[in-house]
Amino acid sequence: MGLIVGALGHLAVVLPLLSLIAAMSGCGSGQNPPPPGVGLGTPIRTAIAIGPAGSPEPNLTSLIAGPRGLVFGCTEENGWIVILDPITGRSMQWNAGHTSPTPTSGAYEGDITDLTAWEESGRIVIIACQAYPAAIYRYSFLVDASATGSAALPEPGDISGECVYENPEWARIHSVARSAASGLLLAGSHHGEGAIVASRDGGFTWEILDYMSTVPGLNVDGLKAVEHSAWSVSGLHWIDGTWFACLFNSFVLEAEIGLSGTQRHYANAVFYSRDEGASWALSTVTRTSPLPDTVQAAVDQDRAKGRLPEPFYGLINERMQSLVRGTNGRLYATTTFDYTTDLSGGGRVYASADGGTTWTETARLEGFTDANIIALPNGLLVAGTMTKLEELPTSQAAATADLWVSDDNGQSFSHFATVASTTSKSTIHPGFYVIGVASMAYASGHLVVGTVNESAGGSAEILLVPVT
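A. A look at the overall build of the protein. Looking only at helices and strands, one finds 2 helices and 35 strands in the protein. Pairs at least 24 residues apart make up 57% of the contacts formed inside the protein by residues separated by at least 6 positions. Carbon and sulfur atoms provide 52% of the accessible area of the protein, an area that totals close to 17400 Å².

B. Spatial organisation of the pairing of strand β17 (residues 232-239). Burial analysis of β17 places 7 of its 8 residues in the buried class, which makes it a mostly covered element. Pairing between β17 and strand β18 (residues 242-248): 7 bridges, direction antiparallel. Each bridged residue has a counterpart across the sheet, and for I239 the counterpart in β18 is T242.

C. Structural view of the side chain of N372. For N372, the position within the fold is in strand β29 (residues 370-375). N372 sits in the buried class, given a relative accessible area of 9%. Within the local environment of N372, its side chain forms a polar contact with the backbone oxygen of A438, the two atoms lying 3.3 Å apart. Discounting residues that sit within four places of it in the chain, N372 has contacts with Q321, S322, T334, V382, A383, G384, V437, A438, S439 and M440.

D. Main features of helix α2 (residues 293-305). Taking 1.5 Å per residue as the helical rise, α2 with its 13 residues ought to reach 18 Å, and the 18 Å between its terminal C-alpha atoms agrees with that figure. Listed in full, the buried residues belonging to α2 are V295, A298, V299 and D302. Taken down its axis, α2 places every buried residue within 100° of arc, on the same side. Set apart from the buried face of α2 by more than 90 degrees, the exposed residues are D293, T294 and A304. At the C-terminal side of α2, G306 shows a positive phi close to 65°.

E. Highlighting empty space enclosed by the protein. In the structure shown here, the tally under the stated rule is 1 cavity of 30 Å³ or more. The volume enclosed by the largest cavity comes to roughly 40 Å³. Lining the largest cavity are G326, T327, N328, Y332, G379, L381 and N409. Split by residue class, the lining of the largest cavity holds 2 nonpolar, 5 polar and no charged.

F. Fine view of the nonpolar core. Counting residues in each nonpolar core, the largest one holds 32 residues, and the members touching the most others are L186, I196, Y211, L218, F271, W280 and F312. Of all the secondary-structure elements, those providing two or more residues to this core are β15 (196-199), α1 (220-224), β17, β18 and α2. In this structure, W280 is in contact with L186, L209, Y211, T214, V215, P216, W243, F244, A245, F271, Y272 and S273, ignoring residues within four places of it in sequence. If you look at the next biggest cluster of nonpolar residues, it comprises 24 residues, including C74, I81, F141 and I159.

G. Geometry of the sheet that holds strand β12 (residues 160-167). With antiparallel pairing, the 4 strands of this open sheet are ordered in space as β9-β10-β11-β12. One side of each edge strand has no neighbouring strand; the edge strands of this open sheet are β9 (112-120) and β12. Neighbour-to-neighbour, the strand axes of this sheet turn through a mean angle of 15°, independent of strand direction.

H. Focus on the packing of aromatic side chains. Under the defined criterion, the tally for this structure stands at 8 aromatic pairs. For the pair Y165 and W170, a centre-to-centre distance of 6.2 Å together with 45° between the ring planes defines the contact as tilted. A relative accessible area of 15% places Y165 in the buried class. Taking relative accessible area as the criterion, W170 reaches 8% and is therefore assigned buried. Ring centres of F244 and W359 lie 6.2 Å apart, and the angle between their planes is 75°; this geometry places the pair in the edge-to-face category. A residue pair is termed long-range when its members are at least 10 positions apart, and F244 in strand β18 and W359 in strand β28 (residues 358-364) qualify at 115 residues.

I. Spotlight on the pairing of strand β11 (residues 134-142). The buried count for β11 comes to 8 of 9 residues, which makes it a mostly enclosed element. As defined by bridge partners, strand β10 (residues 123-130) adjoins β11 across 8 bridges and the pair is classed as antiparallel. Directly across from R123, in β11, lies its bridge partner L142. Linking β10 back to β11 in an antiparallel pair, the connection comprises 3 residues, with Y132 at a positive phi of about 55°. Sheet topology places β11 next to β12; 7 bridges connect them, and they run antiparallel.

How each quantity is defined
Residues numbered from 1 in each chain as written. Predicted model: local features only at pLDDT ≥ 70, side-chain atom pairs only at ≥ 80, totals over all residues. Heavy atoms only, no water. Helix = DSSP H or I, 4+ residues; strand = E, 2+ residues; numbered from the N terminus. Contact = heavy atoms within 4.5 Å. Areas by Shrake-Rupley, 256 points an atom, 1.4 Å probe, with all protein chains shown as cover. Buried < 20%, exposed > 50% of the residue type's maximum accessible area, 1.4 Å probe, protein only. Pairing = 2+ DSSP bridges. Polar contact = N/O pair within 3.5 Å; in protein donor to acceptor, adjacent residues only side chain to side chain. Expected span 1.5 Å × (residues − 1). Arc of directions from axis to C-beta. 1 Å grid on protein atoms, 1.4 Å probe; cavity = no way out; pocket = protein on both sides within 12 Å on 5 of 7 lines; lining within 4 Å. Points joined across faces, edges and corners; volume = space filled by probe spheres on them. Nonpolar A, V, L, I, M, F, W, Y, C, P; charged D, E, K, R; others polar. Core = buried A, V, L, I, M, F, W, Y, C linked by side-chain atoms within 4.5 Å. Axes fitted to C-alpha atoms, helices over the stretch in contact; angles between N-to-C directions. Phe/Tyr/Trp six-rings, centres within 6.5 Å; stacked < 30°, edge-to-face > 60°.

As structure tokens, then:
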């Protein structure tokens, strides 16, 4: 059995599939693997090498289930897009976005940080977000009416694309999502005052969406007067008619205005809209894990002055990222840390029983600063974790990338598999261990897992986990 990997301008090659040996030495709650028959098979490590040999592709930033049973993914640094059939293991890929080194790096071409895909009029359309400069690209290719899986993969010359939006004032376009109801596309900025741009014509034209001014009780001018240039959108999601916009680097605590480095703690937000982006409100996020005393004092001071609306206080120096709907109708979200390590933030699982109006922390994957989550059709929740701490978690011999499983609606998680491990810190972000599960998708009976490994010799990988 082999895996066919193709690239624009490159010959297809056949690489072997390697079985993954699941190490069970992870940290955190739930050390034991689930018993046989829980609904997940043995993970299989694919041999997809994204980009040309030697290229730095350490992070599969996004994996999404798209049309015709295909999974679409993208990478950082040199920004490639890969399309995969999880049943046959066949894939194709190309160097997306701008393909010359960015002025700041001198080497990397810029990240493809997120993407979305859909089908219209016999064509599959892909919207891809790029960094340095912030840009949005629109790609499309024809697909035969009856083609699914590998038969729907395009040939290298079949893909057409163009840059449809660029903003040199932003570091990147951080996230993008599409409404299945109206076709509305929203894309969020990184270091752009938390700006969101919208497209109502399939991604050809874009305009700024004035969403903050519609939020009841939000003093937008007052908040923007303090360190507003760093505001970023960590995630945009459309689920069952509701839009969600998650912000980070958002609102500095008053007691810390003028401070720098790890002394500054941001209070981050989750907004939602139930009318296709016409009006927005703030979600209430309740954190159960305690804050350090000094940070809690600063939060209490802001609360007493009424400086910020109540919902902000759940997310201090961490941000929501993945957000999914479970088979039970509840929503689930996970968090990652917000660039400082003194709080050991992130790795939290939140649940909402009211469509995202309120969120409550249900679990914490201790020792991990980053978690992604996915809901499978068999009722399981799977979380993928990442280590970004400067020091390794307690009792852990190496920084790891792990998969965790919950069969009780997110109240607890059991360790399922360690999919990567390293004792080497990041070569891109010195001083940090950056290794983990960066993204997940479900398609055609498989959980598709994308990893990041920024250690010496690290590379992005895709794993396939059969779902029963």
